[in-house]
Amino acid sequence: MTVLNPPVVPAQGPTAHAAAHHDLAHHHLADRALAVVRIAFGLTFLWAFFDKLLALGFSTGRDEAGVVDRFGDAAWINGGSPIEGFLKFGADGPFDGFYHSIAGAAWADVLFMLGLLGIGLALTTGIATRLACAAGVLLYLLMWTVVLPPETNPVLDDHILGALTLVVLGLLAAGDTWGLGARLSRTELVQRFPVLR
């Protein structure tokens, strides 16, 4: 009798050891790549927070002529609104009425700035990465709805790509490598509430 599909016998000896070592090295490399992406996203959120807080002259703090007014009237610490311009002049599409109505509202400014700071700190340090990723996905999707449809594609833009990336980072516990996620995951609080990992 001829056997068409012989059983697969696991490799033995040095070959198996080399394959396991290669898989482990590949796994560590992937973990480090995810950590770099996580930290980069965290720093992006933190930068947006400080630029809007202090009007550093990048996306906040330039007048119509492009002149930088650092720490000027546009700074949130000086009473400027971090979201008013974007919502008042940038909102377009099916939700523009809603976004125009909340442009410059103090509660919306506070929620937006706390979101940027919290998400940025959590992603950069690896603390509560899953929670930060969920909040980041929500923030990206809200910003995506401000300018529907996107200019260069009927559906996809950098907000959707950012949201998808945060989903991956949250699912793969990206805060464990080069972050405090693994250490905190052993605490009783995080074991009780895994979303805090």
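Values in this document were obtained by computation on a predicted structure and should not be read as measured data.

Trainee: I would appreciate a short explanation of helix H4 (residues 106-125) in the present structure.
Mentor: Side chains of residues three or four places apart in an α-helix project in the same direction, reflecting 3.6 residues per turn. Spanning 20 residues, H4 covers 28 Å between terminal C-alpha atoms, matching the ideal 28 Å at 1.5 Å per step. Listed in full, the buried residues belonging to H4 are Ala108, Asp109, Phe112, Met113, Gly115, Leu116, Ile119, Gly120, Ala122 and Leu123. Following H4 by one or two positions, glycine 126 has its phi on the positive side, about 80 degrees.

Trainee: When you look at the side chain of threonine 145 in this model, what are you seeing that I'm missing?
Mentor: With respect to the helices and strands, the residue threonine 145 is situated in helix H5 (residues 129-146). Of note is the side chain of threonine 145, whose polar atom sits 2.6 Å from the backbone oxygen of leucine 142. Not counting the four nearest positions on each side in its chain, threonine 145 is found in contact with Asp92, Phe95 and Tyr99.

Trainee: I tried to follow the nonpolar core on my own but got confused; where do I start?
Mentor: Membership of the largest hydrophobic core comes to 30 residues, with the highest contact counts inside it found for Phe45, Leu123 and Leu166. Elements represented by at least two residues in this core include exactly helix H1 (14-54), helix H3 (96-102), H4, H5 and helix H6 (158-171). When near neighbours in sequence (up to four residues on either side) are disregarded, leucine 166 contacts Phe41, Phe45, Leu123, Cys133, Gly136, Val137 and Tyr140.

Trainee: What is the right way to look at the UniProt feature "transmembrane region" (unreviewed entry) in the protein chain in this model?
Mentor: Mapped onto this numbering, the UniProt entry gives "transmembrane region" (unreviewed entry) at residues 33-50, 98-124, 131-148 and 160-182. For residues 33-50, the helix share is 100%, the strand share is 0%, and the end-to-end C-alpha distance is 26 Å. For residues 131-148, helix accounts for 89% and strand for 0%, while the C-alpha atoms at its two ends are 26 Å apart.

Trainee: Which parts of the structure should I look at to understand a nonpolar patch on the surface?
Mentor: Side chains of Leu131, Leu189, Phe193 and Val195 sit close together on the surface and give an oily, nonpolar patch of about 360 Å² of accessible area. Along the polypeptide, leucine 131 turns up in helix H5. Judged by its relative accessible area of 40%, leucine 131 falls in the partly exposed class.

Each value, and the rule that gives it
- Residue positions are given per chain, counted from 1 along the sequence in the order it is written.
- The model is predicted, so local features are restricted to residues of pLDDT at least 70 and side-chain atom pairs to those at 80 or more, both for listing and for counting; the totals for chains, interfaces and linings are taken over all residues.
- In computing side-chain properties, one takes all heavy atoms of the structure into account and sets aside hydrogens as well as water.
- By the criteria applied, helices consist of DSSP H or I runs no shorter than four residues and strands consist of E runs no shorter than two, each listed in order from the N terminus.
- For a helix, the expected span equals 1.5 Å multiplied by the residue count minus one.
- Burial classification: accessible surface area is computed with a 1.4 Å probe over protein chains only, and a residue below 20% of its type maximum counts as buried, one above 50% as exposed, and the rest as partly exposed.
- Definition of a polar contact: a pair of N or O atoms within 3.5 Å, with one able to donate and the other able to accept a hydrogen when the atoms are protein atoms, and with sequence-neighbouring residues admitted only if both atoms are side-chain atoms.
- Contacts were defined at the residue level, with two residues in contact if any of their heavy atoms lie within 4.5 Å.
- In these notes, a set of buried Ala, Val, Leu, Ile, Met, Phe, Trp, Tyr and Cys residues joined through side-chain atoms within 4.5 Å is what counts as a nonpolar core.
- UniProt positions are given in the numbering used here, feature names are shortened, and annotations may be inferred rather than shown by experiment.
- Distance thresholds for patches are 9 Å for like charges and 5 Å for nonpolar side chains (Val, Leu, Ile, Met, Phe, Trp, Tyr), applied to residues having over 30% relative accessible area and no salt bridge.
- Each accessible area is a Shrake-Rupley result for a 1.4 Å probe, and residues are judged covered by the shown protein chains and nothing else.
- The salt bridge criterion pairs a side-chain nitrogen of Lys or Arg with a carboxyl oxygen of Asp or Glu, the two atoms within 4 Å.

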